[in-house]
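Residues per chain, in single letters:
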Amino acid sequence: MHQVTLIRNTLQPHLGWHGARVAFLALFLVALFRVRTVNFAELAVAFVGKAKTESNLKRLHRFFADFELNYLTIAKLVVALMGIPQPWTLSIDRTTWEYGDCCHNILMLGVVYKGVSFPLFWWMLDKKGNSNTDERIDLLGEFFLAFPAVEVADLSADREFLGEEWFEYLLEHSKLSFRIRIRESDKLDDGKKCLKAKVVFSTLGIGEQVVLSKPRKLWGHWLYVAALRLESGDLLIVVSNRQAKRAIADYGKRWSIETLFGCLKTRGFCLESTHLVEPERLSRMIALLTIGLCWAFRTGEWLAAEKPIEVKKHGRKARSIFRYGLDYLRRVLLNLEEHETKLLQALQFLSST
């Protein structure tokens, strides 16, 4: 339990929670890294201390049912832990999965850093399917209120994030540059003729890309357009409010949020294994996993600086920075007494120092 106290004392200055709540978070993080799942039954067994498994299970249920969580505090903690330099690249996307009759549908905004989009704000959508314009605007509005002075390089989003009112909102924020993928069937108007995007770029060969010199009218607004023919033969078509030769490359950073979802789900903390169905409880779970994600990634960065990750013959790394840190912390926290010195080293990355 001495090691859990160290974790609690490290987190306390950043959260401002009651001591008992921070102690729970410390126990939760240790258990999370040990069992690599958010399933309550598994977590309860992995809590350190003398309490019975049944008591740990009740404690888990009480926290996620009753604790009033300040999500702005979590967003500020992410920024402090990760130290992401400005200007920021933002990525917005949605993830969904089903548990029984319950459909979890989460709209999330993150800041991109070294191939991962770190969650700042998210909405639990009480429906299936795409988000609407109001939901997206509310999410971005929360970000701008929380970080009014932050310089943003651009916002990337996939083909779900289209529409006249949505583009109008983005264009009103003149300081916000965006890179949004459109569908091949969307029509582009040059003022003389209106053609489907796939027709406009029909001559592109595999691997070829082009940036149109003049904007095209789409969803009632004049936007700049770039396109790339993928190896699959499909077109990657990106629109922006500014002429940008790097529009395609900038849009590529959007995949960082897919990496995030992988870290939260099967490649990391197995979020889909949760039996939580009430949206607010699941939102609290994502907040705690976000802290775990940051700790694992910062630890992975430190390890990679000491011993770089092996590169396989196919040119890809043997594992990600996140997984490097996750595996290390798991070994340490499974053997707390033996690895206390290593835990003290790892705690510096949980204290943003």
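It should be noted that the structure appears before, not after, this text.
As a convention, each chain's residues are numbered from 1 in the sequence order in which they are written. Selection of residues for local features in this predicted model requires a pLDDT of at least 70, selection of side-chain atom pairs for listing and counting requires 80 or more, and totals for whole chains, interfaces and linings are taken over all residues. To obtain the side-chain values, all non-hydrogen atoms of the structure were included, while hydrogens and water were left out.

Quick look at the overall build of the protein
Within the protein one finds 13 helices and eleven strands. Radius of gyration: C-alpha atoms only; globule rule: 2.2 Å multiplied by the number of residues to the exponent 0.38. Its C-alpha atoms give the protein a radius of gyration of 22 Å, near enough to 20 Å, the size a compact globule of 353 residues would have. Structurally, the protein occupies a C-alpha span of about 75 × 45 × 40 Å along its principal axes. Using a 1.4 Å probe on the protein chains alone, a residue whose accessible area is under 20% of its type maximum counts as buried, one over 50% counts as exposed, and one in between counts as partly exposed. Taken over 353 residues, the protein has a buried fraction of 53%. The contact criterion used is simple: two residues touch if any of their non-hydrogen atoms lie within 4.5 Å. For the protein, restricting intrachain contacts to residue pairs at least 6 apart in sequence, the fraction spanning at least 24 positions comes to 61%. In this tally, Asp and Glu contribute negative charge and Lys and Arg positive charge; neither His nor the terminal groups of the chain are included. To locate a charge, take NZ of a lysine, CZ of an arginine, CG of an aspartate or CD of a glutamate. Distance between charge centres in the protein, computed from 49 positive and 39 negative side chains, equals 5 Å. Elements are defined by DSSP. Helices are runs of H or I of four residues or more, strands are runs of E of two residues or more, and each kind is numbered from the N terminus.

Looking at the packing of helix H1 (residues 2-15) against helix H13 (residues 340-347)
Fitted lines through C-alpha atoms give the axes, limited to the stretch in contact for helices. The angle between two N-to-C directions lies from 0 to 180 degrees. Viewed as axis vectors pointing N to C, H1 and H13 meet at an angle of 10°, and their least axial separation amounts to 11 Å. Classified by the angle their axes make, H1 and H13 are roughly parallel. Only Glu340, Leu343, Leu344 and Leu347 of H13 make contact with H1, whose side of the interface consists of His2, Gln3, Leu6, Ile7 and Thr10. Gly counts as polar in this scheme, as do all residues outside two lists: the nonpolar Ala, Val, Leu, Ile, Met, Phe, Trp, Tyr, Cys and Pro, and the charged Asp, Glu, Lys and Arg. Considering only residue class, the contact of H1 with H13 consists of five nonpolar, three polar and one charged. Geometric relationships in this document are graded by angle, where less than 35 degrees denotes roughly parallel, more than 145 denotes roughly antiparallel, 65 to 115 denotes roughly perpendicular, and other angles denote oblique.

A closer look at a negative patch on the surface
There is a patch of like negative charges on the surface, built from Asp134, Asp138, Glu164, Glu165, Glu168 and Glu172. If you list the elements that add at least two residues to the negative patch, you get helix H6 (133-146) and helix H7 (164-172). Looking at which element gives the most residues to the negative patch, the answer is H7, with four residues. With respect to the element layout, aspartate 134 can be found in helix H6. According to the relative accessible area criterion, aspartate 134 is exposed, its value standing at 53%. Within the patch definition used here, like charges are joined within 9 Å and nonpolar side chains (Val, Leu, Ile, Met, Phe, Trp, Tyr) within 5 Å, considering only residues with over 30% relative accessible area and no salt bridge. To measure how exposed things are, a 1.4 Å probe is used in the Shrake-Rupley method; for residues, cover is taken only from the protein chains shown. Salt bridge, as applied in this entry: a Lys or Arg side-chain nitrogen positioned within 4 Å of an Asp or Glu carboxyl oxygen.

Remarks on unusual backbone geometry
With an omega of 0°, the peptide bond between glutamine 86 and proline 87 qualifies as cis. Even without being a glycine, arginine 36 presents a positive backbone phi close to 55°. Counting through the fold element by element, arginine 36 comes out in the loop between helix H2 (19-35) and helix H3 (40-46). Judged by relative accessible area, which is 14%, arginine 36 ranks as buried. Despite not being glycine, lysine 114 shows a phi value in the positive range, around 50°. Turning to its location among the elements, lysine 114 is positioned in the loop between strand E2 (102-113) and strand E3 (116-124).

Some remarks on the packing of helix H12 (residues 321-334) against H13
It is at 9 Å that the axes of H12 and H13 come closest, and there the two elements cross at 135°. Put simply, H12 runs oblique to H13. In the crossing of H12 with H13, the sense of the turn from one axis to the other is left-handed. Touching Tyr328, Leu329, Val332 and Leu333 of H12 are Lys342, Leu343, Gln345 and Ala346, all from H13. In this scheme the crossing of two helices becomes right-handed for a clockwise turn of the near helix relative to the far one and left-handed for an anticlockwise turn of less than a right angle.

Comments concerning the nonpolar core
Here, the term nonpolar core denotes a set of buried Ala, Val, Leu, Ile, Met, Phe, Trp, Tyr and Cys residues that are joined through side-chain atoms within 4.5 Å. Ranked by size, the top nonpolar core spans 120 residues in total, and within it Trp17, Phe28, Phe118, Leu155, Leu170, Met285 and Trp295 carry the most contacts. Ranked by the residues each element gives to this core, the list is headed by helix H11 (residues 279-306), at 14 residues. Beyond its immediate stretch of four places on either side in the chain, leucine 170 contacts Leu140, Leu155, Leu176, Phe178 and Ile180.

Some remarks on H6
Given a rise of 1.5 Å per residue, 14 residues ought to cover 20 Å, and the 20 Å separating the end C-alpha atoms of H6 matches this to within 8%. Looking at the buried residues of H6, the elements they touch are helix H5 (71-82), strand E1 (88-99), E2, E3, strand E4 (152-157) and H7. By the criterion applied in these results, polar contacts are pairs of N or O atoms within 3.5 Å in which, for protein atoms, one can donate a hydrogen and the other can accept it, and in which residues neighboring in sequence qualify only through two side-chain atoms. The backbone nitrogen of aspartate 134 has a side-chain oxygen 3.1 Å away, supplied by the residue at the start of H6, namely asparagine 132. Helices are assigned an expected span. That span is 1.5 Å times one less than the residue count.

Quick word on the packing of aromatic side chains
Working definition: rings of Phe, Tyr and Trp (its six-membered ring) pair if their centres are within 6.5 Å, and the pair is stacked with planes under 30 degrees apart, edge-to-face with planes over 60 apart, and tilted otherwise. Throughout the structure, instances matching the rule amount to 26 aromatic pairs. When the ring of tyrosine 71 is compared with that of tryptophan 122, the centres are 5.8 Å apart and the planes differ by 80°; the resulting orientation is edge-to-face. Placement of the pair is tyrosine 71 in helix H5 and tryptophan 122 in strand E3, with a sequence separation of 51 residues. Tryptophan 122 shares its class with tyrosine 71; the two are buried.

Overview of the side chain of aspartate 250
Structurally, aspartate 250 is set in helix H9 (residues 247-251). Sequence-distant contacts of aspartate 250, that is, excluding residues within four places in its chain, are made with Asp154 and Arg179.

So, the pairing of strand E10 (residues 221-229)
Most of E10 is tucked away, with seven of its nine residues classed as buried. A strand pair is defined by DSSP finding two or more bridges across the two strands. Pairing between strand E8 (residues 209-211) and E10: three bridges, direction antiparallel. Paired with valine 211 across the bridge in E10 is alanine 226. Where strand E9 (residues 216-218) lies against E10, three bridges are found, and the strand directions are antiparallel.

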